[in-house]
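# Structure at a glance
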Amino acid sequence: MTTYIADLMASHPGRNFELHEQHLNTQMVRVLKAIGYDRVYTRASGPYLYDDRQNEYLDLLSGFGVFALGRNHPEVVRALQEVLAAELPDMVQMDVSLLSGLLADKLLKLCPDKLTKMFFCNSGAEAVEAAIKFARYTTKREKIVYCEHGFHGLTLGALSLNGEKVFREGFGPLLPGCIAIPFDDLTALENALRAKDVAAFIVEPIQGKGVNIPSDDYLPEAARLCAQYGALFVADEIQTGIGRTGKFWAIEHFGVEPDMILTAKALSGGFIPVGGVAMTSRIMDAVFNRMDRAVVHGSTFSKNNMAMAAGLATLKVIEDEKLVENAERRGGELIAGMRALTDKYELFQEVRSKGLMIALEFGSPRSFSLKAAWSMLEAANKGLFSQMITIPLFKNHRILSQVAGHGMNVVKFLPPLVISERDRDWILSALDEVIADCHKVPGAIWDLGKTLAGHAMKSKAGA
Ligand SMILES: Cc1ncc(COP(=O)(O)O)c(C=O)c1O
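Residues numbered from 1 in each chain as written. Predicted model: local features only at pLDDT ≥ 70, side-chain atom pairs only at ≥ 80, totals over all residues. Heavy atoms only, no water.

## Here's the deal with the overall build of the protein
Counting its regular elements, the protein contains 18 helices and 15 strands. For a compact globule of 463 residues, the expected C-alpha radius of gyration is about 23 Å, and the protein comes in at 23 Å, within 12% of that figure. Taken along the three principal axes of its C-alpha coordinates, the protein extends 70 × 60 × 45 Å. The proportion of buried residues among the 463 residues of the protein is 53%. Sequence-distant contacts, at least 24 apart, represent 72% of the contacts inside the protein between residues at least 6 apart. Of the roughly 21,200 Å² that the protein leaves accessible, carbon and sulfur atoms contribute 55%. (Helix = DSSP H or I, 4+ residues; strand = E, 2+ residues; numbered from the N terminus. Rg over C-alpha atoms; globule rule 2.2 N^0.38 Å. Buried < 20%, exposed > 50% of the residue type's maximum accessible area, 1.4 Å probe, protein only. Contact = heavy atoms within 4.5 Å. Areas by Shrake-Rupley, 256 points an atom, 1.4 Å probe, with all protein chains shown as cover.)

## Points about the site of the ligand
In the vicinity of the ligand, the residues found are S123, G124, A125, F151, H152, G153, E204, D236, I238, Q239 and K265. Interatomic distance of 2.8 Å between a backbone N/O atom of A125 and an oxygen atom of the ligand. A distance of 2.7 Å separates a nitrogen atom of the ligand from a polar atom in the side chain of D236. Within the complex, 79% of the 390 Å² of free accessible area of the ligand lies under protein. (Near = heavy atom within 4 Å. Polar contact = N/O pair within 3.5 Å; in protein donor to acceptor, adjacent residues only side chain to side chain.)

## Things to note about the pattern of salt bridges
As enumerated under the stated definition, the model contains 22 salt bridges in all. Its salt-bridge partner being E361, residue R352 comes within 2.7 Å of it at the nearest N-O pair. A salt bridge links K382 to E378; its shortest N-O distance comes to 3.7 Å. Each of R330, E333, R424 and D425 takes part in one network of salt bridges that share partners. (Salt bridge = Lys/Arg side-chain N within 4 Å of Asp/Glu carboxyl O.)

Laid out in C-alpha cells, this is it:
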C-alpha cells in the first residue's frame, strides 16, 4: 500500500480531462481546450510547472496567489512530514492545540500592535464570513460597506460583497444591508457611514480585480472615518498579504491600522487550505463573551495541525529567504522593464504594481489598421484583447498568467515571490515579443483574435 497513490496515478496517465469531463466541471474542460491550455502537468517545483513532455512553464498565476514560496518548497514539505511522522493528536476539539497557538503568536507579531487575537479557518471566504459575523456581533449593527469591483470570495456572505453581475446572477437573494461604494472615494464612504448603522467597511488595500491602487491618503482616511462613525475597518489581505506587494501586509504601504486583517492563500505555502482573521481583543472578547458561546463560530477543520505547521514553516521561509525583499526588488525590475515596453508599443498603455502584484493595461490604439482590429474585438466582447496576450504568452513562451477581471483589457501577474533574474528576463523578452506581434495586422495573433471573437459571439447568441 505504500505507493497506492503513485501506482494509481501511473495506471491512469493523462486521464485528467476525460475524468473531469465525466464527473466534474465540464465547462472548465471546454474552456481549457478552447484556449489551448489543456496540458497535463506532472511535476512542479518553485515557480515552474512541468508537463508530461517535460516542458517547463513559468507560473505567474501562482494558483491565484497561493504559491508565494513557489511550489513544493522543501522546508514546508519537511514540516508536514514531521507532523505526520510525530503522529500528533489533531482536532481533538475539546482541547487547544500548541501549533495553532504558536502560529497565532508568530503571525500577530507581524501585525499592527493593536491586533492581539487570532481566529483560524480554512479559506479566504471563510475569513470574510467570520469578519462579517464578528463585525455585526461586536457593533450590534447590520450593514456592511464594500467597494465596487472588490472580490472577497464566492460563499453567500462574501458574494454579497461582490459587485460583479457575472458572479451574483441567479444566486440571490444575497445578504441584506450590503452597500457598494466606488473604490478610492472618501466622500462615498463617509456618506455610507454617516447614519452610524454600518458594522464594517471591508476593503482590499489593493484591489485584486484590475490591481487598483488607491491614493496614498485613502486607507488612513477610511480608517479615521470608520472610527468616527463607529464602524470597524477590515483589511482583506487575502491576496495582498504575506509579502506579495513588497511589504508583509499591503497596509504597511499606507501606514494604516485596521481593526481586522483577513489572510489565507499564501499562508500555508500552498499545501493546506487555511484562513485567518487577526483582530483587536475588543472584537474577540465581544463575540466569545461567555463560556456557553465558546464555540459560537468556528469550523471542524480549522486550526488543524497540517495547516498550522505549514503556516509556521511558510513564515520561517519568508523570513529566512528574505522573500518580502525579493518581491520588492524583482517587482521593481519588472516594472522598469515593462515601462520601457509601454513607451515602445501603442497598445500597451499602463503598468500598475506594488511588489509582485502587477497589472498590464492595454487600450485603444491610435493607428488606423490597429484601431479597426481592436474595435472588432471590443464589439465581440469587452476585454477580449487581454486573451491575445495571455494565450500566446502561454503557447509560445510557456508563461501561465491570467486576465485581471471581466470586461477589462488588463493582464495580471502574481509571480511566486522566489522568482529569479532568469525568470525576470524570461517574462520581459516574452512580453516584448507577444506585444510586438499584436502590432502586426494582419498577423497570427489577430487570427487568434478573430477566432476568440467568433467564440464570444457564438456564446452570446447561445446565452
Ligand atoms: C481579496 C480576496 N478575498 C477573498 C478571496 C477568497 O478566498 P478563497 O478563494 O480562499 O475563498 C480571494 C480569492 O481570490 C481574494 O482575492
